[in-house]
Amino acid sequence: MTYVITAGCIDVMDRSCLEQCPVDCIKPGERMLYIDAEVCIDCGACEPVCPQEAIAMDAMLPEELRSYIGTNAAFFASGASTDPPEVAATPRHLG
Amino acid sequence: MRVAVVGAGPSGVFATAELLTRPGVEVDVLDRSHTPFGLVRYGVAPDHLKIKTVSTALSRVLADERVRFHGGVELGRDISLDELRRLSDAVVLATGARDSRRLGIPGEDRPRSFTAADLVPWYNGHPLDGVRWSTASPSVAVVGAGNVALDVSRILLKGGAGLANTDLPDSVAAVLDARPVTDVHLVIRRGVGDVRFSPAELLEFDHLDVDVLVDPAELDLGPADRARATDDRLVAQRIAMFTRWAEAGPVGAGRRLHVHFHRSPTEIRGGDGVEAIRLRDNRSGRIEELSVGAVVTAIGYHAAAPAGLPTTGGLVRHDAGRVAPGLYVAGWLKRGPSGVIGTNKACAVESVRALWADVDSAAITVGAGGPADLVRSRLPEAVDWTGWTRIDAAEIALGATTGRARTKITNHAELARLGAAAVLAEEAR
């Protein structure tokens, strides 16, 4: 089990979760933040503070957001600096 | 500047970490236990292995050369708050909340009627506890609507055999397995919309050989419940899970968790132990009786504020963590027993920012020598960080004998012997 950051964070990156995480397992990419499942201790402190409600336990993710489990993992697997392609390709909100 | 932090649990350590972000700060961390990490070691359930790994992050802070750990030193017993304040530039109190709230009903003091504050440290291998689990029957009652009630229920249903991959002491496993618990009656005062269980902890029951039994008639949702479920997705998730269990019914698992909503205990009955718990249905007023061989109440904790400090509702009075210039609180002593481990980090950071504001405005004068000399002269057997690393290594070695990452040492004298530098030096002579 782990917690996962999802679409609601894209281009918002509020960062409230960063102050909560006791093990600093949340890292910013270019357009969203990601949770490192290898470091996360499953405490859940990040979930209620997200104003976007973008964070959820993996087992509770709705079907359309389940791909973000892989997206969070891919960010760390590729060096934790650039957004995975599916995030980079998300259309930007205009205005 | 020298700051004393009382309590080496998550809140005390998060406060210490924040203190170390300024150059020139040294921290003395005191704990009444011989060992660091507070409730991570003696409160978090043994099978929550991933949560317990937060101790790795806490260790990094306490091992810093600017930190001195003093284990086995209790505020008020070994050193007074006045002494600590005089010897330190500032004091941060993070002593937590360790006393169980009580139901206040007849029979609560019977043998085999336990509080979470007794039972949780026992199954976590706390050395100072005289408590020992015992039940007269495989059916027991657990009273409460929060995660501690779920922890206790799960540990009792898993038993020692189900916890073999944890740091559970063998002595605890043997006691749990002497009379296996097959049925836990979870007694909840209010309805499904009011419970505090975290969805993650509820989901764990799906992975055990346990039937979760919920009477659909007790899941009646009022308008207030529906409104809360709309506003708060945790409420919606909890309702969805209990509804799913109510619809699923039993599948013939080996053990059972019977969920009783809208029930308040009115009496714990028995001869020289526990034979039954009486419950009042809070909707109808009807009284019923469940046959159980033990009762555990997990209805919250009281913070024990150090004597002489102003309190409100049992908590030390403070403003964003500041009790007075030079004296601060963090964690459960500050907020009450709520939140998850990470909640304490933001809480501790707020308190230390109040401390910085007092330093910057010169409300605190800096230049104290720290309490270490007094502690060492008064308590030569106090455990320093090196002493803890000896205990740590011994526990890891003990675990390795049975293929586990760690097995806790529960013998107080053994912990004290391993931890005390002075005692070891004497033995070497």
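Residues numbered from 1 in each chain as written. Chains lettered and ligands numbered in written order. Predicted model: local features only at pLDDT ≥ 70, side-chain atom pairs only at ≥ 80, totals over all residues.

Re the overall build of chain B
Short version of the rule: Only runs of H or I of at least four residues qualify as helices and only runs of E of at least two qualify as strands under DSSP, and these elements are numbered from the N terminus. Our radius of gyration is a C-alpha quantity, and the globule rule it is checked against amounts to 2.2 Å times the number of residues to the power 0.38. Any residue with 12 or fewer other C-beta atoms within 10 Å of its own C-beta is exposed, any with 20 or more is buried, and the rest are partly exposed; the C-beta atoms used are placed from the backbone.
The helix and strand inventory of chain B stands at 17 helices and 19 strands. Relative to the compact-globule value of 22 Å for 429 residues, chain B shows a C-alpha radius of gyration of 23 Å, a close match. Principal-axis analysis of the C-alpha atoms places the extent of chain B at approximately 65 × 55 × 35 Å. Expressed as a percentage of the 429 residues in chain B, the buried residues total 46%.

Focus: the packing of helix α1 (residues 10-19) of chain B against helix α13 (residues 343-360) of chain B
Angle between the axes and distance between the axes: these two values describe a pair of packed helices. All names here are of chain B. What counts, and what does not: What counts as an axis is a line fitted to C-alpha atoms, over the stretch in contact for a helix, and the angles between N-to-C directions run from 0 to 180 degrees. Reported orientations rely on four angle classes, namely roughly parallel under 35 degrees, roughly antiparallel over 145, roughly perpendicular from 65 to 115, and oblique for the rest. Crossing handedness follows the turn of the near helix against the far one: under a right angle anticlockwise gives a left-handed crossing, and clockwise gives a right-handed one. C-beta atoms are placed from the backbone for every residue, and two residues are taken to be in contact when these atoms lie within 7 Å.
Contact geometry for α1 and α13: axes closest at 8 Å, N-to-C directions at 50°. By the angle between their axes, α1 is oblique relative to α13. For the crossing formed where α1 meets α13, the hand is right-handed. On α13, the residues that touch Pro 10, Ser 11, Phe 14, Ala 15, Glu 18 and Leu 19 of α1 are Asn 344, Lys 345, Cys 347, Ala 348, Val 349, Ser 351 and Val 352.

A look at the sheet that holds strand β9 (residues 210-214) of chain B
Residues and elements named next belong to chain B. The condition that has to hold: A pair of strands is labelled paired if DSSP reports no fewer than 2 bridges between them.
With respect to topology, 6 strands assemble into an open sheet ordered β6-β14-β7-β8-β10-β9, the strand pairing being parallel. In the strand order of this sheet, the two ends are held by β6 (113-115) and β9, each with one partner. Put simply, the sheet's adjacent strands are angled 20° from each other on average, direction ignored. Relative to strand β14 (residues 295-297), β6 runs parallel, the two being bridged by 3 bridges. Its bridge partner lying in β14, Phe 114 is registered against Val 296.

Considering the interface of chain B and chain A
Spelled out, the test is: Residue classes follow a fixed rule: Ala, Val, Leu, Ile, Met, Phe, Trp, Tyr, Cys and Pro count as nonpolar, while Asp, Glu, Lys and Arg count as charged, and any other residue, Gly among them, counts as polar.
Listed as interface residues are 20 residues of chain B and, on the opposing side, 16 residues of chain A. Contributing elements (two or more residues each) for the side of chain B that touches chain A: α1, α3 (49-52), α4 (54-62), α9 (199-203), α11 (233-248) and α13 of chain B. For the side of chain B that touches chain A, the element with the most residues is α13 of chain B, which contributes 4 residues. Split into classes, the residues belonging to the side of chain B that touches chain A amount to 12 nonpolar, 5 polar and 3 charged.

Structural notes on the sheet that holds strand β12 (residues 276-281) of chain B
Residue and element names in this part refer to chain B. Across the sheet, which stays open at both edges, the 3 strands sit in the order β11-β12-β13 with antiparallel pairing between neighbours. At either margin of the open sheet sits one strand with a lone partner, and together these are β11 (263-269) and β13 (287-291). Ignoring strand direction, the axes of neighbouring strands in this sheet form an average angle of 30°. When β11 meets β12, the two strands line up antiparallel, connected through 6 bridges. Opposite Pro 265, over in β12, you have Leu 279 as the bridge partner.

Details of the domain arrangement of chain B
All names here are of chain B. Filter applied, for reference: Domain ranges listed in this record stem from an automatic or a database domain assignment.
When cut into domains, chain B gives domain 1 (2-97 + 303-382) and domain 2 (101-301). If you average the C-alpha positions of domain 1 and of domain 2, the two centres end up 32 Å apart. Counting residues at the interface gives 9 residues for domain 1 and 15 residues for domain 2.

Examining the confidence of the model for chain B
For clarity, the cut-off: For every residue, the predictor reports its confidence as pLDDT, a number between 0 and 100.
A residue-level look at chain B finds 97% of positions with pLDDT of 70 or above and a mean pLDDT of 94. Scoring the predicted complex yields pTM 0.93 and, for the interface, ipTM 0.87.

Points about the nonpolar core
Selection rule: Here a nonpolar core is just a set of buried residues of the types Ala, Val, Leu, Ile, Met, Phe, Trp, Tyr and Cys, joined wherever their C-beta atoms sit within 7 Å.
Counting residues in hydrophobic clusters, the biggest one holds 143 residues, and the most contacted among them are Ile 5 of chain A together with Val 92, Val 140, Val 142, Val 152, Val 295 and Val 296 of chain B. Broken down by element, the residue count for this core peaks at 7 residues, all from helix α7 (residues 147-158) of chain B. Each of domain 1 (2-97 + 303-382) and domain 2 (101-301) of chain B contributes no fewer than three residues to this core. Excluding its chain neighbours within four sequence positions, the residues that come into contact with Val 140 of chain B are Thr 135, Leu 156, Val 181, Val 184, Val 292, Gly 293, Ala 294, Val 295 and Val 296 of chain B.

What to know about unusual backbone geometry
In this structure, Asp 24 of chain A is a non-glycine residue whose phi angle is positive, near 50°. Note on placement: Asp 24 of chain A falls in the loop between α1 (16-20) and β2 (26-28). The exposure class assigned to Asp 24 of chain A is exposed, which follows from the 11 C-beta atoms found within 10 Å. Of note, the phi angle at His 262 of chain B is positive, near 60°, even though the residue is not glycine. Among the structural elements, His 262 of chain B can be located in the loop between β10 (255-260) and β11.

Observations concerning the pairing of strand β4 (residues 90-93) of chain B
Residue and element names in this part refer to chain B. With burial as the criterion, each face of β4 is covered, one bearing Ala 90 and Val 92 and the other bearing Val 91 and Leu 93. Alignment of strand β1 (residues 2-6) against β4, held across 4 bridges, turns out to be parallel. By the bridge assignment for β4, Ala 4 is matched with Val 91.

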